[in-house]
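# Topology and contacts: notes
Chain residues, written in single-letter form:
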Amino acid sequence: MNTLPGVLLLALLSSTGCAMNPATGERQFTLMSEAQEIQMGREADPEIVRTMGLYPDESLQAYLQGLGEQVAGLTERPNLPWTFRVLDDPLINAFALPGGYIYVTRGIMAHLDSEAELVGILGHEIGHVTARHSVSRMSRAQLAQVGLGVGMILAPQLQQWAGLASASMELLFLKFSRDDERQADDLGVRYMGRTGYDPAQLSGVMAMLTSVTAEEAGPRGPEWLSTHPNPENREQAILDLAARTEVSRDPPLVVHESYVRRLDGMTYGENPREGFFRGQVFHHPDLAFSLDFPQGWRTMNSKQAVQALSPDQDALLALSLGEGATPSAALRSFLAEEGMQAGPISEAAVNGVPAATADFRFTSSDGTLDGRVSFLQHRGTLLMLLGYAPSSAWAARQGAVRASLGSFRPLTDRRYLDVQPARLKVVTLSRSASLSYVLDQEGAGDRIEEVRKLNRLEGNPPLPAGTVLRIPVGGVLPGEL
Ligand SMILES: [Zn+2]
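Here, residues in each chain are numbered from 1, in the same order as that chain's written sequence. Since the coordinates come from a predicted model, pLDDT governs what is reported: local features require at least 70, and pairs of side-chain atoms require 80 or more to be given and counted, while whole-chain, interface and lining totals use all residues. Heavy atoms throughout the structure, all of them, feed into the side-chain values; hydrogens and water do not.

Here the focus is the pattern of salt bridges. The term salt bridge refers to a side-chain nitrogen of Lys or Arg lying within 4 Å of a carboxyl oxygen of Asp or Glu. Taken as a whole and judged by the stated rule, the model has 25 salt bridges. Glutamate 257 is paired through a salt bridge with arginine 261; the nearest N and O atoms lie 2.8 Å apart. With glutamate 257 and arginine 261 both in helix α14 (residues 257–262) and four residues apart, this pair spans about one turn of that helix. Here the term buried applies to any residue with accessible area under 20% of the maximum for its type, exposed to any over 50%, and partly exposed to those in between, with areas from a 1.4 Å probe on protein chains only. Using a relative accessible area of 36% as the deciding quantity, one classes arginine 261 as partly exposed. Here glutamate 347 ties to arginine 332 by a salt bridge, and the two come within 3.1 Å at their closest N and O atoms. Separated by 15 residues along the polypeptide, glutamate 347 in the loop between β13 (340–346) and β14 (355–364) and arginine 332 in helix α15 (residues 327–335) bring together distant segments of the chain. Assessed through its relative accessible area of 48%, glutamate 347 is described here as partly exposed. Arginine 332 gets classed as partly exposed once you look at its relative accessible area, which sits at 46%. Each helix corresponds to a stretch of at least 4 residues labelled H or I by DSSP, and each strand to a stretch of at least 2 residues labelled E; elements are numbered beginning at the N terminus.

Written as structure tokens, this is what we have:
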């Protein structure tokens with residue numbers, strides 16, 4: 001029954017200020033209420049899904065959601081709107097947003113060796129949420145910024161291609177302190193024990209992280225690698241704590257084989273159907289076009305855009321989806337933006353592709369940019385090709401930009417159009433064999449390094465009958481055109 005003081009107390013606890021942390025029992029100064037925290041996660045979630053993409057496998061998504069709910073349900077905050085998603089991203093990563101939104105990449109799932117390890121990852125991320133780590137680090141001023149999305153130095157249309165993460169995303173991925181990471185490890189171990197999984201298995205994740213290269217990890221993974229303290233140091237701490245942790249099942253769960261079987265057929269590594277480079281030439285099989293980027297420019301392909309930066313970092317070229325009914329309509333709305341001065345419009349097709357192109361000058365309080373933009377209508381998709389530089393650099397860069405914009409062309413080579421990503425194949429040995437023998441049989445002899453890493457093997461060990469291996473197959477790109 002709710003007495004009046006009870007209601008008041010509840011209101012106080014859920015409002016901002018100094019409150020008892022549900023997971024750690026410590027008093028914690030926080031300016032954000034639980035409702036605000038949930039709101040923040042709920043607003044950022046579609047943005048994560050849009051920029052990184054969901055892995056298109058409903059049974060795997062349902063598996064992760066079910067497993068995550070099981071873990072979260074036994075924490076100190078079982079009633080948050082817990083949401084677990086597998087992202088279609090090859091990098092090894094996992095992260096959490098305030099309010100109970102947890103993401104793991106297909107890249108990290110491919111590299112985990114058991115359900116217990118996955119529960120450990122989920123437990124660690126859930127720990128960041130139950131201990132309100134990101135929340136307690138945000139000031140009210142920062143919160144206001146998240147709402148406003150401030151920090152734009154260019155007009156929105158230009159800014160989104162400048163490779164600048166929006167202010168709100170930066171804030172959501174505030175780096176956790178070492179203490180926060182240790183606490184999340186501790187909570188992960190605690191939650192593994194409560195769910196009946198062997199908590200010592202989390203140390204295997206740390207061992208895996210030390211063995212992956214920076215390339216596999218990616219340049220700016222928000223969690224697990226770039227922001228996490230040295231995995232070697234954490235491995236022993238986890239083992240020590242695990243030995244003292246009570247587990248709700250005897251024997252504790254590990255679940256290696258059925259976990260690995262779930263990965264059968266999973267996309268592995270970069271997906272070339274979303275576009276790939278051969279030298280400076282970009283091919284996009286799904287959208288069936290090719291484009292030459294300038295020699296010497298540094299290129300980058302993401303789900304949002306393909307970009308290239310000039311060697312002196314004074315010019316940017318970006319290819320992305322455009323908005324508008326026709327190239328001409330899209331161009332006119334682009335040129336109508338405040339601060340824009342438009343040059344003459346050309347509606348000449350580019351290599352047979354309907355297009356609208358113009359030079360422009362864009363003036364803001366930060367200075368003046370010169371650039372050239374083309375909108376193209378290719379097989380029902382409207383694309384925007386944009387190159388620009390500060391006015392002082394434009395004369396030196398506009399030739400390269402013009403050449404690139406003029407190189408857009410339909411992709412017709414079947415070998416490129418039909419390219420497929422590598423996939424994990426799960427193989428069960430019917431009799432004992434050496435690793436190299438098995439790989440030769442599978443036509444994957446040149447992938448022994450990768451297979452060792454994926455399966456936590458060393459050298460060329462004899463493998464007993466019944467061994468379950470995951471082997472990347474396919475995904476080989478055709479030679480240069
Ligand atoms: Zn963490």
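Nine residue types can take part in a nonpolar core, namely buried Ala, Val, Leu, Ile, Met, Phe, Trp, Tyr and Cys, and a core is a set of them joined through side-chain atoms within 4.5 Å. Membership of the largest hydrophobic core comes to 54 residues, with the highest contact counts inside it found for Val104, Met109, Leu118, Leu122 and Ile126. Here this core gets seven residues from one element, more than from any other, and that element is helix α5 (residues 115–130). In contact with leucine 122, other than residues within four places in its own chain, are Leu64, Leu67, Gly68, Phe84, Ile102 and Val104. Core analysis: the second largest hydrophobic core is formed by 22 residues, Leu291, Val306, Val353 and Leu376 among them. Here, two residues are considered to be in contact whenever any of their heavy atoms come within 4.5 Å of each other.

Each Phe, Tyr or Trp ring, with Trp reduced to its six-membered ring, pairs with another whose centre is within 6.5 Å; inter-plane angles below 30 degrees give stacked pairs, above 60 give edge-to-face pairs, and intermediate values give tilted ones. Under the criterion given, the structure shown has nine aromatic pairs. Taking the centre distance of 4.9 Å and the plane angle of 25° together, the rings of phenylalanine 289 and phenylalanine 408 count as stacked. Placement of the pair is phenylalanine 289 in strand β9 (residues 289–292) and phenylalanine 408 in the loop between α16 (391–405) and β17 (409–410), with a sequence separation of 119 residues.

What follows concerns the pairing of strand β4 (residues 94–97). What you see with β4 is no split at all: Ala94 and Ala96 on one side and Phe95 and Leu97 on the other are buried throughout. At least two DSSP bridges between two strands are required for those strands to pair. In the sheet, β4 pairs with strand β5 (residues 101–105) via four bridges, with the strands oriented antiparallel. When the bridges of β5 are listed, alanine 96 appears paired with isoleucine 102. Counted along the chain from β4 to the antiparallel partner β5, the turn is three residues long, and its residue glycine 99 has a positive phi close to 90°.

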